[in-house]
Amino acid sequence: MIKVLHFSDIHLGSGLSHGRTNPKTGFNTRLEDFVKCLSLCIDSAIEEEVDIVLFGGDAFPNSTPPPYIQEAFATQFRRLSNLNIPTVLLVGNHDQHSHINGGVSLSIYRTLKVPNFIVADTLKTHKILTKNGYVQVITLPWLTRSSLLTKSKTEGLSLEQIDNLLIETLEPALESEIRKLNSNDPTILLAHLMVDRARFGTEKFLAVGRGFTIPISLLMRSEFNYVALGHVHKHQNLNPKNNPPIIYPGSIERVDFSEEKEQKGYVLLIIKKGQTSWNFFPLPARPFITIKANVSQSTNPQKTLIDTIRKKPIKEAIVRLNYQVRSEQLELIDISSIHEILKHSHSYTICPEILSEISRIRLPELGFGKSLDPIEALKTYLKDKNDIKDITDELLEAAHQLLKEKNEIIETD
Ligand SMILES: [Mn+2]
């Protein structure tokens, strides 16, 4: 029997703008929130006496975190090393430097030869001895187009063609790792990637327009006892039949408002005689609350706004207040009293949206309930701008270029 703790997407040091300096420690409170959730994961690994810890990638928001954030990360992971718990640190897209190969922020653990630590930045099978025998972990870090393909192979191809070529190259490489496996040992695939079946929020496919995705058929293999994923911040099991479970544990703390409604946590699993059972354990991530109010029809917008805020459990939460108001109502709102109420939250932002009748009439194509792609929206905007008519084509060309670059960077989750 092998017991495993699987967690991912720590992103230590991100979202600091939602925090404030803790006067007792001098650290940003959001860094402390993330460290708390990380330390609870490590506590659990130790208390449950797991045989191995698998980290699914994205340790920090980028590949060059400041030393005090590196130190906070190392202080927690060191507890695993002290107890000789084998730990695999997989390299995610946020851990990679755009010009250097390998996971820059994590490679220090390899350089220092931290006992029982593996930094995984290549497709490789690791045969790891735990206190309960061998485990085979195939590691698949975040793939970039340049990591598998040479420039000469991709020249003149569209992004879609390059993605297809990437999958065609990955498939036999993964197959060759699978054929080398020992069928008697528990086997786990640990991968940082976007699977075509991944969802986030409500029923919305994450994959659309976000670059390279892997077909789930590549991961649904009977040779695997468990597929441990990283990258998508919403916890989900992509294979409800559990043959094998294909799990995103999600991030351990809320990185931004897009994760407002998601539960955060980690996964504990047991592989016993080829059968895998797993459980998701929630972490006490700080709540994010969006308060929406439309006071444009209210005779007492101040009261409407305060009543709306008072209905929400804002204490200790990160709050954003979005309200719609007509410009002539602005003087009816005493913003300092709104600040006074919101001060009971952990932190807050106030975003008033001033409704203007004129702009709505002028651009009906951009009206409520309509959606346009960015290029169409820009064209609609430019149609109305006589003063910049002569550079319309250049602006559109520049927009196309920007969107193309955005797709190439694939800096998603
Ligand atoms: Mn990622």
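All of these numbers come straight from a predicted model, not from anything done at the bench. (Residues numbered from 1 in each chain as written. Predicted model: local features only at pLDDT ≥ 70, side-chain atom pairs only at ≥ 80, totals over all residues.)

A. Structural view of the overall build of the chain. In terms of regular secondary structure, the chain is built from 11 helices and 17 strands. If you line up the chain on its principal axes, its C-alpha atoms span 75 × 55 × 40 Å. Burial analysis of the chain (413 residues in total) assigns 33% to the buried set. Put simply, 67% of the contacts in the chain that link residues at least 6 apart link residues at least 24 apart. (Helix = DSSP H or I, 4+ residues; strand = E, 2+ residues; numbered from the N terminus. Buried ≥ 20, exposed ≤ 12 C-beta atoms within 10 Å, placed from the backbone. Contact = placed C-beta atoms within 7 Å.)

B. Here's a closer look at the sheet that holds strand 3 (residues 87-90). The strand order 4-3-2-1-13-14 describes an open sheet built from 6 strands, whose pairing is mixed. In this open sheet, the two edge strands, each paired with only one partner strand, are strand 4 (117-120) and strand 14 (275-282). The average angle at which neighbouring strand axes cross in this sheet is 20 degrees, direction not considered. Bridge analysis of strand 1 (residues 2-7) against strand 2 (residues 52-55) gives 4 bridges, and the strand direction is parallel. (Pairing = 2+ DSSP bridges. Axes fitted to C-alpha atoms, helices over the stretch in contact; angles between N-to-C directions.)

C. Structural view of the pairing of strand 5 (residues 124-130). Pairing analysis gives 7 bridges linking strand 5 to strand 6 (residues 133-140), with the strands arranged antiparallel. When the bridges of strand 6 are listed, Ile128 appears paired with Val135. Counted between consecutive antiparallel strands, the loop separating strand 5 from strand 6 contains 2 residues.

D. Up close: the nonpolar core. Of all hydrophobic cores here, the largest spans 68 residues; its most connected members are Leu89, Leu189 and Leu190. At 8 residues, the largest contribution of residues to this core is made by helix 1 (residues 29-47). Apart from residues no more than four positions distant in its own chain, Leu89 is found in contact with Phe55, Leu106, Tyr109, Phe117, Ile118, Val119 and Ala120. (Core = buried A, V, L, I, M, F, W, Y, C linked by C-beta atoms within 7 Å.)

E. Geometry of the sheet that holds strand 5. Ordered in space as 5-6-7-10-12-11, the 6 strands form an open sheet in which the pairing is mixed. The open sheet has two free edges, formed respectively by strand 5 and strand 11 (236-237), since each of these has just one partner strand. Sheet topology places strand 10 (residues 226-230) next to strand 12 (residues 246-248); 2 bridges connect them, and they run parallel. The partner of Ala228 across the bridge, within strand 12, is Ile247.

F. Looking closely at the pairing of strand 6. Of all 8 residues that make up strand 6, 6 are buried, and the element is covered over most of its length. Here strand 6 runs beside strand 7 (residues 187-192); their pairing, made up of 5 bridges, is parallel. Residue pairing in the sheet places Leu140 in a bridge with Ala191 of strand 7.

G. Main features of the domain arrangement of the chain. Taken domain by domain, the chain holds domain 1 (2-282) and domain 2 (287-355). Once you take the C-alpha centre of each, domain 1 and domain 2 turn out to be 38 Å apart. The interface of domain 1 with domain 2 comprises 6 residues on the first partner and 5 residues on the second. Residues that form the side of domain 1 that touches domain 2 fall into these classes: 1 nonpolar, 2 polar and 3 charged. (Domains from an automatic or database assignment. Nonpolar A, V, L, I, M, F, W, Y, C, P; charged D, E, K, R; others polar.)

H. Quick look at helix 7 (residues 301-310). Every buried residue belonging to helix 7 is among Pro301, Leu305 and Ile309, and all of these are buried. When helix 7 is viewed along its axis, its buried side chains cluster within an angular range of 65 degrees and face the same direction. Of the exposed residues in helix 7, the ones pointing more than 90 degrees away from its buried face are Asp307 and Arg310. The elements touched by buried residues of helix 7 are strand 15 (288-294), strand 16 (318-326) and helix 8 (335-342). (Arc of directions from axis to C-beta.)

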